[in-house]
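Working through the structure, step by step
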Amino acid sequence: MYMNFDPYPLPLSPYINPTSLPIFLAHSNQSSLTNSPLFSQLKSMAPTAENVVVSNIKLERMLSMKGGKGEASYVNNSQAQAQHARSMVHLLRETLDEVRLSEAEEEVPFVVADLGCSCGSNTIYMVDFIIKHMMKRHEAAGLHPPEFSAFFSDLPSNDFNVLFQLLPPYGGVSMEECLASDTHRSYFAAGVPGTFYRRLFPAKSVDVFYSAFSLHWLSQVPDVVLDKRSTAYNKGRIFIHGANESTANAYKKQFQSDLGGFLRSRAKEIKRGGSMFLVCLGRTCPDPTDQGGAGLLFGTHFQDAWEDLVQEGLITNEQRDNFNIPVYAPSLEDFKEVVEADGSLLINKLEVFRGGSPLVVNHPDDAAEIGRALANSCRSVSGVLVDAHIGDQLSDELFSRVASRATSQAKELLDQLQFFHIVASLSLA
Ligand SMILES: C[S@@+](CC[C@H](N)C(=O)[O-])C[C@H]1O[C@@H](n2cnc3c(N)ncnc32)[C@H](O)[C@@H]1O
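Residues numbered from 1 in each chain as written. Predicted model: local features only at pLDDT ≥ 70, side-chain atom pairs only at ≥ 80, totals over all residues.

To continue, consider the sheet that holds strand β1 (residues 110-115). Spatially, seven strands are ordered β3-β2-β1-β4-β5-β7-β6 in an open sheet, and the strand pairing comes out mixed. Edge positions in the sheet fall to β3 (187-193) and β6 (345-356), since each of these pairs with one other strand and no more. Going across the sheet, the axis of each strand differs from the next one's by a mean of 15°, ignoring polarity. Two elements, β6 and strand β7 (residues 419-428), share ten bridges in a ladder whose sense is antiparallel. Across the sheet, the residue bridging to glutamate 351 is valine 423, located in β7. Sheet strands touched by helix α6 (residues 79-86): β4 (206-212), β6 and β7. Its angle to β6, the strand with the most contacts, is close to 125°. Packing against the sheet, helix α8 (residues 122-140) makes contact with β1, β2 (148-154), β3 and β4, and its axis sits at approximately 155° to β1. (Pairing = 2+ DSSP bridges. Helix = DSSP H or I, 4+ residues; strand = E, 2+ residues; numbered from the N terminus. Axes fitted to C-alpha atoms, helices over the stretch in contact; angles between N-to-C directions. Contact = placed C-beta atoms within 7 Å.)

With 106 residues, the main nonpolar core has Val112, Ile130, Leu374 and Val402 as its most contacted residues. It is helix α16 (residues 367-390) that contributes the most residues to this core, ten residues altogether. The residues contacting valine 402, other than those within four sequence positions of it, are His301, Phe302, Ala305, Leu374, Ala375 and Cys378. (Core = buried A, V, L, I, M, F, W, Y, C linked by C-beta atoms within 7 Å. Buried ≥ 20, exposed ≤ 12 C-beta atoms within 10 Å, placed from the backbone.)

The next point concerns the pairing of strand β5 (residues 270-282). With ten of its 13 residues buried, β5 lies for the most part within the structure. With six bridges joining them, β4 and β5 adopt parallel strand pairing. Each bridged residue has a counterpart across the sheet, and for phenylalanine 209 the counterpart in β5 is methionine 276. This β-α-β element, β4 to helix α11 (residues 245-269) to β5, shows right-handed connectivity. (Right-handed = clockwise from strand over helix to strand, strands pointing away.)

The next thing to look at is the site of the ligand. Taken together, 25 residues lie near the ligand, and Gly116, Ser118, Asn122, Ser214 and Trp217 sit nearest. Mapped onto the shell around the ligand, the elements with two or more residues apiece are α6 and α8. Looking at the shell around the ligand, its residues break down into eleven nonpolar, twelve polar and two charged. (Near = placed C-beta within 6 Å. Nonpolar A, V, L, I, M, F, W, Y, C, P; charged D, E, K, R; others polar.)

See below:
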């Protein structure tokens, strides 16, 4: 026996996704068609502002980087994050050198947690780096290393399947062999689903927290930004880059309240003697309406492609205005204010680090490749939200416009698109 649930009754269901209706109409002038019952049926199924707005409450249940292994997946579009993280390992090493060593005789595992691990190989590389570094420190101190345990944590809709399939097998080789190769792991691994803005682990149970390129994701788009009656309503835009001051301040408040929740939770979970290494997108300009690299990624070609869909009648102004990217790239001051106000953690290091371009291309002279790289990079991080808001087919239309717009400005993009990161090393006060 099987159950057949089909939201789109025949004869439409196998052929036409209602989200394609506006495209279909834009390419058709047949009044006989628009008067037909088929048309009315399609129209009633097309996404509207009311039925596709992503509720804020649901953001933590649906946000993820694009899973799977397709062209726009995070797995295939996270080489820039890998490069940026690797260029910061000297700072990570300094943090790890401050961590208190535990001895095998204590019979408690040394615990590492990556928060916002996503589904690519970056997290596996960094966790491996952290654990090998801690093994070497134990050896150098003449201590027998403890057992290691790694928690890969992200929101529940993260593609943990892809991540777990990338994990090398546990053990089976000597510690020396493990240290020398990447084909085996020397730690127990587990996935932890949940938002890092609340508690994820038991009290005093984690030695090292690592989080890269994740804390700029807000827990929600501030309500006022979606409220037409508010001065913070982000009319005509899908991001705060170039928005008005009230909109940007609403985002800043949300970031600071979220980061406060993150720090309070981690302060409970970290062991005394443990350390935290945090990296998130940041900006160098004090004014939050200039979001730097994040501003160029979401606030130029991506923003203009949304406008294209509005101009072509494929979506309404309101549909566009109801979509906002829940990202805030803080300044050093924004970040510092929260850590200091919370007071439970000491800042060992806090700096802005120039990460470089988010575009990794094989042929820097190939404008089309650069255009595709920008569209894929943008889609790999925001595509899940866009698909949920306007449907897969309009999302295809949107990102193909991002690619062609970016292709026409390829040289400027390569020259100007740079990411800066806030890097923080914290431990218990
Ligand atoms: C750009 S990816 C970074 C992935 C990985 N750290 C790396 O270096 O490639 C950002 C990740 O943060 C996660 N994230 C965003 N908000 C989160 C939250 N509130 N709690 C946990 N994870 C979150 C996203 O789901 C996503 O997987």
